[in-house]
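Below, each chain spelled out in residue letters.
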Protein chains: 2
Amino acid sequence: MSLRETLNTIVSSVDGTLTAIIMAYDGIPIDEVAVKQTDFDLQLLSVEYAAVLKEIKRATEVIKAGEMEEVSISTTQIRIIVRVLNDDLFVALIMKNDGNFGKGRYLLKLKSYELAKELS
Amino acid sequence: MSLRETLNTIVSSVDGTLTAIIMAYDGIPIDEVAVKQTDFDLQLLSVEYAAVLKEIKRATEVIKAGEMEEVSISTTQIRIIVRVLNDDLFVALIMKNDGNFGKGRYLLKLKSYELAKELS
């Protein structure tokens, strides 16, 4: 499957998904599939959270806690699940706060191997 | 229940827990219950991740995504689940990578109301 097809599989399988995006830590998107219209500025959101992930990666290195694998952030309005793909890239699933968090997390983990292989 | 008792309930109920800690965003701990001996410098870990949470809080405000509620970070060695208690404080559960993530997340959410009430 291509990157786009794998992202499509994820977004169409997880209720409440707004977008799935593959991104570099510098905030530059590699590929993206958006599902729903939303009030959020998803580009700003991606760039802001990419900076946050870089910070988490740095902190994880400082405390020698191994390699960062997954990060999730829930607010009163949205949920974001991030899986690290390689040293440069991650995949993020952005969903509404009442989206299916468990399924999103499972599917992102499952598909991250395919995505990482596709990008290697 | 006191803060300490509630933290004790959480750590004794979730397999793989290393420590549960209530902390301010400036990295100063309010109360803490440690269960297992660990190679990690838990104090350094708490301070580093408190700085990260402050950054996530800021990013969440920038993108107008509501209030931050929960953050989780998984590495190849540890898992951290954080619930926001109020504007100043959060509770964090730090566990081994193979700890019971689902139960930890559930219990932290359930008990966060009690903890917030105790701290108000």
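The structure reproduced in this document is the subject of the present report. Computed from a prediction, not measured in an experiment: that's the story for all the values here.

1. Remarks on the overall build of chain A
Okay, step 1: Secondary structure assignment for chain A yields three helices and five strands.
Okay, step 2: For chain A, the N- to C-terminal ordering of α and β elements is α-β-β-α-β-β-β-α.
Okay, step 3: Relative to the globule expectation of 14 Å for 120 residues, the C-alpha radius of gyration of chain A, 13 Å, shows essentially globular dimensions.
Okay, step 4: Expressed along its principal axes, the backbone C-alpha trace of chain A runs to roughly 40 × 35 × 25 Å.
Okay, step 5: The proportion of buried residues among the 120 residues of chain A is 52%.

2. Overview of the environment of Met-1 of chain A
Residue and element names in this part refer to chain A.
Okay, step 1: With respect to the element layout, Met-1 can be found in the segment before α1 (3–13).
Okay, step 2: By relative accessible area, which is 52% here, Met-1 ends up exposed.
Okay, step 3: The spatial distance from the C-alpha of Met-1 to the C-alpha of Glu-118 is 8.3 Å, given a sequence separation of 117 residues.
Okay, step 4: With residues near it in sequence (within four places) discarded, Met-1 still touches Thr-6, Thr-9, Lys-111, Glu-114 and Glu-118.

3. Overview of the interface of chain A and chain B
Accessible area lost upon the coming together of the parts serves often as the stated size of an interface.
Okay, step 1: Counting from both sides, the interface comprises 32 residues of chain A and, opposite them, 32 residues of chain B.
Okay, step 2: Summed over both partners, the interface of chain A with chain B comes to about 2,700 Å²; 58% of that surface belongs to carbon and sulfur atoms.
Okay, step 3: Viewed at the interface, chain B and chain A are joined by 13 residue pairs in polar contact (both at pLDDT 80 or more).
Okay, step 4: Elements with a contribution of two residues or more to the side of chain A that touches chain B: α2 (42–62), β3 (68–75), β4 (78–84) and α3 (101–118) of chain A.
Okay, step 5: Looking at which element gives the most residues to the side of chain A that touches chain B, the answer is α2 of chain A, with 11 residues.
Okay, step 6: Residue composition of the side of chain A that touches chain B, by class: 15 nonpolar, eight polar and nine charged.

4. Focus on helix α1 (residues 3–13) of chain B
All names here are of chain B.
Okay, step 1: Residues of α1 that are buried include every one of Leu-3, Thr-6, Leu-7, Ile-10 and Val-11, and no others. Viewed end-on, α1 has its buried residues packed into an arc of 130 degrees, placing them on one side of the element.
Okay, step 2: On its buried face, α1 sits against β1 (17–24), β2 (29–34), β5 (89–96) and α3 (101–118).

5. Re the pattern of salt bridges
Okay, step 1: This model, assessed by the stated rule, comprises 12 salt bridges over all chains.
Okay, step 2: Linking Lys-111 of chain A and Glu-114 of chain A is a salt bridge whose minimum nitrogen-to-oxygen distance equals 3.6 Å. You can see Lys-111 of chain A and its partner Glu-114 of chain A sitting in helix α3, three residues apart, about one turn around the helix.
Okay, step 3: Of the residues examined, Lys-111 of chain A reaches a relative accessible area of 12% and is grouped as buried.
Okay, step 4: Classification of Glu-114 of chain A as partly exposed rests on a relative accessible area of 32%.
Okay, step 5: One salt bridge connects Arg-4 of chain B with Asp-31 of chain B, and the closest N-O pair in it is separated by 2.7 Å. Here Arg-4 of chain B, found in helix α1, pairs with Asp-31 of chain B, found in strand β2; they are 27 residues apart in sequence, far enough to count as distant.

6. Quick word on the packing of aromatic side chains
Given two aromatic rings, one states the distance between the centres and the angle between the planes to describe the pair.
Residue and element names in this part refer to chain A.
Okay, step 1: Taken as a whole, this structure holds two aromatic pairs over all chains when the rule is applied.
Okay, step 2: Judged by centre distance (5.3 Å) and plane angle (50 degrees), the ring pair of Tyr-25 and Phe-90 falls under tilted. In this pair, Tyr-25 is assigned in the loop between β1 (17–24) and β2 (29–34) and Phe-90 in strand β5 (residues 89–96), connecting sequence segments 65 residues apart.
Okay, step 3: Judged by relative accessible area, Tyr-25 falls into the buried class, the value being 9%.
Okay, step 4: With a relative accessible area of 2%, Phe-90 lands in the buried category.

7. Describing the sheet that holds β5 of chain B
Okay, step 1: Strand order in the open sheet formed by 10 strands is β2(A)-β1(A)-β5(A)-β4(A)-β3(A)-β3(B)-β4(B)-β5(B)-β1(B)-β2(B), and the pairing between neighbours is antiparallel. The open sheet has two edge strands with one neighbour each: β2 of chain A together with β2 of chain B. Sheet twist, expressed as the average angle between the axes of neighbouring strands with direction ignored, equals 10 degrees.
Okay, step 2: Note that β1 of chain B and β2 of chain B share five bridges and pair antiparallel.

About the thresholds
- Residues numbered from 1 in each chain as written.
- Chains lettered and ligands numbered in written order.
- Predicted model: local features only at pLDDT ≥ 70, side-chain atom pairs only at ≥ 80, totals over all residues.
- Heavy atoms only, no water.
- Helix = DSSP H or I, 4+ residues; strand = E, 2+ residues; numbered from the N terminus.
- Rg over C-alpha atoms; globule rule 2.2 N^0.38 Å.
- Buried < 20%, exposed > 50% of the residue type's maximum accessible area, 1.4 Å probe, protein only.
- Contact = heavy atoms within 4.5 Å.
- Buried area = accessible area lost by both parts, 1.4 Å probe.
- Polar contact = N/O pair within 3.5 Å; in protein donor to acceptor, adjacent residues only side chain to side chain.
- Nonpolar A, V, L, I, M, F, W, Y, C, P; charged D, E, K, R; others polar.
- Arc of directions from axis to C-beta.
- Salt bridge = Lys/Arg side-chain N within 4 Å of Asp/Glu carboxyl O.
- Phe/Tyr/Trp six-rings, centres within 6.5 Å; stacked < 30°, edge-to-face > 60°.
- Pairing = 2+ DSSP bridges.
- Axes fitted to C-alpha atoms, helices over the stretch in contact; angles between N-to-C directions.

Don't take any of this as a statement about function, it's just geometry.
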